[in-house]
Amino acid sequence: MEKILRDLAKQENFTEKAKVEVLGSGLQDGSNFHGSLTRARISENGRTLPVFIKKEMPCKEVNSSQKFSNEIHFYTKIHPQLKAFGDVPKVPRYLWDGKLGDGTILIIEDVSAEEYVPARSGTELNTMEVELLLKELGKLHETSGKMKAQNPELFDMLVAPLEEGFCVGAPYEGVLTQCYKNAISAAEKHLPEKYKEKLLRYDYSRTSEWAMKRSGPNLVLTHGDSWYSNFLFKYQGDIPISVAILDWQMCRVGSPLLDVSELLFSSTSGADCPGATECAFGFTMAIIILPFALGQAEAALVLTPEKLVFSEDSVVSKRIADVIKVAIDKGII
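A.B. asks: Would you mind going over the packing of aromatic side chains with me for this structure?
C.D. replies: Pairs of aromatic rings are described using the distance from one ring centre to the other and the angle between the two planes. One pass over the structure, following the stated rule, counts 4 aromatic pairs. Pairing Phe74 with Trp248 gives two aromatic rings, centres 4.0 Å apart and planes at 5 degrees, and the pair type is stacked. Residue Phe74 is located in helix 2 (residues 69-82), and its partner Trp248 is located in the loop between strand 8 (239-245) and strand 9 (252-254); the two are separated by 174 residues in the primary sequence. With relative accessibility at 0%, the residue Trp248 sits in the buried group. Ring centres 5.2 Å apart and planes at 70 degrees place the aromatic pair Trp227 and Tyr228 in the edge-to-face group. For Trp227, a relative accessible area of 14% corresponds to the buried category. Given a relative accessible area of 21%, Tyr228 falls into the partly exposed group. An aromatic cluster is defined as three or more aromatic residues linked by ring pairs; in this entry it consists of Phe74, Tyr75 and Trp248. Above the face of the Phe14 ring, Arg47 is positioned so that its terminal group lies 3.9 Å from the ring centre. Geometry around Tyr235 places Arg120 over its ring, the cationic atom sitting 4.1 Å from the centre.

Given below as structure tokens:
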């Protein structure tokens, strides 16, 4: 690790006398990430470069969402090109990637040195934080849409290497379908009979097909994992004034409604979700992100079908019922 940091120091125009410090590291070995996260710092003559080192661990069950290929491709190829087409969200500065032992490592600048911190509101973002995030995600969607319209060949070339990480492959087989069924079962308590009758005739497979679509006129570049843990905010007093968006492993081509619905359903409370039941993304877009919504009210993030259970009285289940009503009333279902 020290040699890599020394090489990085040279790359960033530090001298051989620069001080290299590893500030702390931790192993994260869970269902949604297998790897280690390390903070380090390079300093010399009053100049400091704080860095964040991500290392993937070998694991036979790890799929593309748990590797760094998409994230590296986003930082090195996609993000620089996007800037030519409009505003882009703030992301950490990419510094280096390569092999260390039996895993890939990715080094990015640590934006906490710029006073970016986790959301002060905790796991449920407040209205100001959500509105700021919607604007930043909107920059990604709008600017990638401009690239797609103005230079479709460039867009297709840049997104072609992205690996699909959205509930694909073991242990994700059957997660979406099981999630739909559990969510509907929990929401039925809050639905009048006329809505239940519609749901009985709903074809679940349509939602899976739409979730996996990679081409189409309204599909753009999306973050793919827009929940509170992947955002750091800068505050002025109690007001969030800027946000940095992290962890682009699940970056994909898809509907921007995937990012919006995941944000609203996984990281907000009912009171602070601005117009959630009025959003026209409807049932089809909302339900496909529910594997990621478990952290809000009743369980840790565990993507195994048998554990995707929703309490009938949970905040999530009531919101599902509201979205189902809107989707049926608008003819989406």
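A.B. asks: Explain the pairing of strand 8 to me, please; I cannot follow it from the model alone.
C.D. replies: Looking along a regular strand, one sees the side chains alternate between the two faces of the sheet. Most of strand 8 is tucked away, with 5 of its 7 residues classed as buried. Pairing analysis gives 6 bridges linking strand 7 (residues 231-236) to strand 8, with the strands arranged antiparallel. Its bridge partner being in strand 8, Gln236 is matched across the sheet by Ile239. Hairpin connection from strand 7 to strand 8: 2 residues lie between these consecutive antiparallel strands, with Gly237 at a positive phi of about 70 degrees.

A.B. asks: Would you explain the pairing of strand 5 (residues 103-109) in this entry?
C.D. replies: Within strand 5, 7 of the 7 residues are buried, which leaves it mostly tucked inside the rest of the structure. Every second residue of strand 5 is oriented toward a common face, with Gly103, Ile105, Ile107 and Glu109 on one face and Thr104, Leu106 and Ile108 on the other, all of them buried. Across 5 bridges, strand 3 (residues 47-56) lies against strand 5 in antiparallel orientation. Each bridged residue has a counterpart across the sheet, and for Lys54 the counterpart in strand 5 is Leu106. In the sheet, strand 4 (residues 94-100) pairs with strand 5 via 6 bridges, with the strands oriented antiparallel. In the sheet register, Leu100 faces strand 5, and the bridge partner there is Gly103.

Parameters at a glance
Residues numbered from 1 in each chain as written. Predicted model: local features only at pLDDT ≥ 70, side-chain atom pairs only at ≥ 80, totals over all residues. Heavy atoms only, no water. Phe/Tyr/Trp six-rings, centres within 6.5 Å; stacked < 30°, edge-to-face > 60°. Helix = DSSP H or I, 4+ residues; strand = E, 2+ residues; numbered from the N terminus. Buried < 20%, exposed > 50% of the residue type's maximum accessible area, 1.4 Å probe, protein only. Lys NZ or Arg CZ within 6 Å of the ring centre and 35° of its normal. Pairing = 2+ DSSP bridges.

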